[in-house]
Amino acid sequence: MMAQILRSHLRSASVIPNRMKMGPYLGVTRTRMMSTHKSKRNMREYYGLLNLDEGCSADDVRESFRKLAKQYHPDGGSSTADSATFIRIEEAYRKVLSHVIEQTNARQSKVEDTEEEEEKFKYKTPQHRHYLSFEGIGFGTPSQREKQYRQFRADRATEQVMEYQKQKLQSQYFTDSVTVKDVRHSKERKITQAIERLVEDLIQESMAKGDFDNLSGKGKPLKKFSGCSYIDPMTHNLNRILIDNGYQPEWILMQKEIKDTIDQLREAILVSRKKLGTPMTSAEQKQWNQVCEQFQENIKKLNKRINDFNLIVPLLTRQKVHFDAQKEIARTQEIYMTLIKTKEVKDKNPYNIDPGEGEKTPGVKTSFFNWMNVWKFIKI
């Protein structure tokens, strides 16, 4: 009997400390639950004070606070202005805005965590199989890569259409621009390279068929076309072939073009001056001024061509200086006056017929020297 009583006292003594140990934890849990419930209730009141529902965005919170501030701000001058209400509204605005931002950040972090988990467990195609189709575009499953490849093709087609329209507009309105010239030059270079590859393929095909086996002089050394031992035979042969086929460097062709152009301009302005009388009337003077203006414009264009020539000419001594339009016009006037004087001399002695042989020679010499003066002005 005494043993049972002692056993019951020991059990009660062991239970009491455990209850005392659990007491604080139960109180903390009960307090946390009450505070959480209270905070939720307060947050609902804040939302109701701002006339908002839970789940709204931060922009909605700001817009609602702006409207209520206009109504209840003490300095707003409204009939409903109340400082106490405005203080409550401001407090609700801060609480609700921080709550909305926290929810937004939590949702974003949750979405990111979900995407990371999906990325970990997503099936990944082996690296070597990515490039077996779709031009190596895209990643993921075959259906996803197909969608990405379709989008890539659409984007590429759009870029090509835009580039084509851009080139078309440039060719229409900017024919002399540097960009258009570069594009044109690159196209010509591509065409030239394609032709060279085609010719090389044809030569190789003919050699494989044996078309070059029966050529005359097969196995014999090539003849040197120059007696100079310092010139590379291959270079000399290539130059000879180019010359025989009419090839000329670009700067030589441009030099010839400049010379022909200035000769044509000089001849044209001289012809225009011959058509006008001496002395010129007011109408003829006006016409001569127009001719001179057009001549000056042509000289400007020719000087631009000279700039291009000076950039590509290989020798400094071959470079040209600009033509002066005023000097050319004055030169034309001098040639015209010389021609007038020569014509007057011829009119006086049309055939140089004089009784004495000694008197005939001075007339011939005079006309000869006059023509020499004209030729000197033309050569300048």
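In this numbering scheme, every chain counts its residues from 1 along its sequence in written order. Owing to the predicted nature of the model, reporting of local features is limited to residues with pLDDT of at least 70; listing and counting of side-chain atom pairs is limited to 80 or more, with chain, interface and lining totals taken over all residues. Only hydrogens and water are set aside; all other atoms, that is, all heavy atoms of the structure, feed into the side-chain values.

Visitor: Just checking my understanding: could you explain a negative patch on the surface for this structure?
Guide: To count toward a patch, a residue needs a relative accessible area over 30% and no salt bridge; like charges are then connected within 9 Å, while nonpolar side chains (Val, Leu, Ile, Met, Phe, Trp, Tyr) are connected within 5 Å. In this description, accessible areas are obtained by the Shrake-Rupley approach with a 1.4 Å probe, and a residue is regarded as covered only by the protein chains that are shown. What counts as a salt bridge is simple: a side-chain nitrogen of Lys or Arg found within 4 Å of a carboxyl oxygen of Asp or Glu. Note that His is not counted, nor are the chain ends; the positive residues are Lys and Arg, and the negative ones are Asp and Glu. Charged groups are reduced to one reference atom each: NZ for lysine, CZ for arginine, CG for aspartic acid, CD for glutamic acid. On the surface, a cluster of negative charge is made up of E112, D113, E115, E116 and E117. Counting from the N terminus, the helices are DSSP H or I runs at least four residues long and the strands are E runs at least two residues long. Positionally, E117 belongs in helix α3 (residues 83-121).

Visitor: Honestly, the nonpolar core in this entry has me stumped. Any pointers?
Guide: Nonpolar side chains in soluble globular proteins tend to be buried together. Within this scheme, the nonpolar core is defined by two criteria: the residues are buried Ala, Val, Leu, Ile, Met, Phe, Trp, Tyr or Cys, and they are joined through side-chain atoms within 4.5 Å. When a residue's accessible area, from a 1.4 Å probe over protein chains only, is under 20% of the maximum for its type it is buried; when over 50% it is exposed; and in between it is partly exposed. In this structure, Y47, L50, L52, C56, V61, V96 and V100 are the most contacted members of the largest nonpolar core, which totals 18 residues. Broken down by secondary-structure element, the contributors of at least two residues to this core are α1 (2-49), α2 (58-72) and α3. Per-element tally for this core: the top contributor is α3, with 7 residues. Setting aside residues up to four positions removed in sequence, L52 forms contacts with Y47, D60, V61 and S64. It only takes one pair of heavy atoms within 4.5 Å for two residues to be counted as in contact.

Visitor: Where do I start with the pattern of salt bridges in this structure?
Guide: Pairing between side chains becomes possible if they bear opposite charge and their charged atoms approach one another. Applying the stated criterion to the full structure yields 9 salt bridges. E205 serves as the salt-bridge partner of K209, at 3.5 Å between the closest nitrogen and oxygen. You can see K209 and its partner E205 sitting in helix α5 (residues 178-209), 4 residues apart, about one turn around the helix. Given the relative accessible area of 43%, E205 is considered partly exposed. Put simply, R305 and E257 hold a salt bridge, and the shortest N to O gap is 3.2 Å. Placement of R305 in helix α8 (residues 282-312) and of E257 in helix α7 (residues 250-275) is noted, with a sequence separation of 48 residues between them. Overall, R305 belongs to the partly exposed group, its relative accessible area being 31%.

Visitor: Is there a simple way to explain the packing of aromatic side chains in this structure?
Guide: Aromatic ring pairs are defined here through the distance separating the ring centres and the angle between the ring planes. Pairing of aromatic side chains here covers Phe, Tyr and the six-membered ring of Trp, requires ring centres within 6.5 Å, and sorts the geometry by plane angle: under 30 degrees stacked, over 60 edge-to-face, intermediate tilted. In the structure shown here, the tally under the stated rule is 2 aromatic pairs. Residues F65 and Y93 carry aromatic rings whose centres are separated by 4.1 Å and whose planes lie at 15° to one another, so their mutual orientation is stacked. In this pair, F65 is assigned in helix α2 and Y93 in helix α3, connecting sequence segments 28 residues apart. Note on accessibility: F65 and Y93 belong to one class, buried. Feature note: the residues F65, F86 and Y93 constitute an aromatic cluster, connected by ring pairs. Two conditions define a charge located above a ring, namely a distance within 6 Å from the ring centre to NZ of Lys or CZ of Arg, and an angle within 35 degrees of the ring normal. Directly above the ring of W288 sits R273, whose terminal nitrogen or CZ lies 5.7 Å from the centroid. In this arrangement the basic side chain of R273 is found over the ring face of Y336, its NZ or CZ atom lying 4.3 Å from the centre.

Visitor: Explain the environment of N51 here, please?
Guide: With respect to the helices, strands and loops of the structure, N51 is situated in the loop between α1 and α2. Sequence-wise, N51 and V61 are 10 residues apart; in three dimensions their C-alpha atoms are separated by 9.3 Å.

Visitor: Hey, could you run me through α2 in this one?
Guide: Three- or four-residue spacings in an α-helix give side chains the same orientation, since the helix completes a turn every 3.6 residues. Take the residue count of a helix, subtract one, and multiply by 1.5 Å to get its expected span. In this model, α2 (15 residues) spans 21 Å end to end at C-alpha, consistent with the 21 Å of a helix rising 1.5 Å per residue. Inspection of α2 places A58, V61, S64, F65, L68 and A69 among the buried residues, and these make up the whole buried set. The buried residues of α2 occupy one face: seen down the axis, they fall within an arc of 135°. Away from its buried face, by an angle of more than 90 degrees, α2 presents the exposed residues D59, K67 and K70. Here the arc refers to the set of directions running from the helix axis out to each C-beta atom.

Visitor: What should I look at first to understand unusual backbone geometry in this one?
Guide: With the exception of glycine, the majority of residues adopt a negative phi angle, and the majority of peptide bonds are in the trans configuration. Not every positive phi belongs to a glycine, and N51 is a case in point at roughly 60°. Residue N51 is classed as exposed on the basis of its relative accessible area, which comes to 62%.

Visitor: Which parts of the structure should I look at to understand the packing of α7 against α8?
Guide: Two quantities define a packed helix pair, namely the angle between the axes and the distance from one axis to the other. Axis lines are fitted through C-alpha atoms, for helices just across the contact stretch, and the angle between N-to-C directions can take any value from 0 to 180 degrees. Viewed as axis vectors pointing N to C, α7 and α8 meet at an angle of 170°, and their least axial separation amounts to 10 Å. Taken together, the axes of α7 and α8 are roughly antiparallel relative to one another. Contacts between α7 and α8 involve E250, W251, M254, Q255, E257, I258, T261, I262, L265, I269, S272 and R273 from the first element and W288, V291, F295, N298, I299, L302, R305, I306, D308, F309 and I312 from the second. Put simply, Ala, Val, Leu, Ile, Met, Phe, Trp, Tyr, Cys and Pro go in the nonpolar bin, Asp, Glu, Lys and Arg in the charged bin, and everything else, Gly too, in the polar bin. Of the residues contributing to the contact of α7 with α8, the split by class is 14 nonpolar, 4 polar and 5 charged. Under this scheme an angle from 65 to 115 degrees is roughly perpendicular, one under 35 degrees roughly parallel, and one over 145 degrees roughly antiparallel; angles in between are oblique.

Visitor: Looking at this model, I keep getting lost on the environment of I299. Mind explaining?
Guide: Position of I299 among the secondary structure elements: in helix α8. Sequence separation of I299 and I262 is 37 residues, and the distance between their C-alpha atoms is 8.2 Å. With near-sequence residues (within four places) excluded, I299 lies in contact with I262, L265, F323 and A325.

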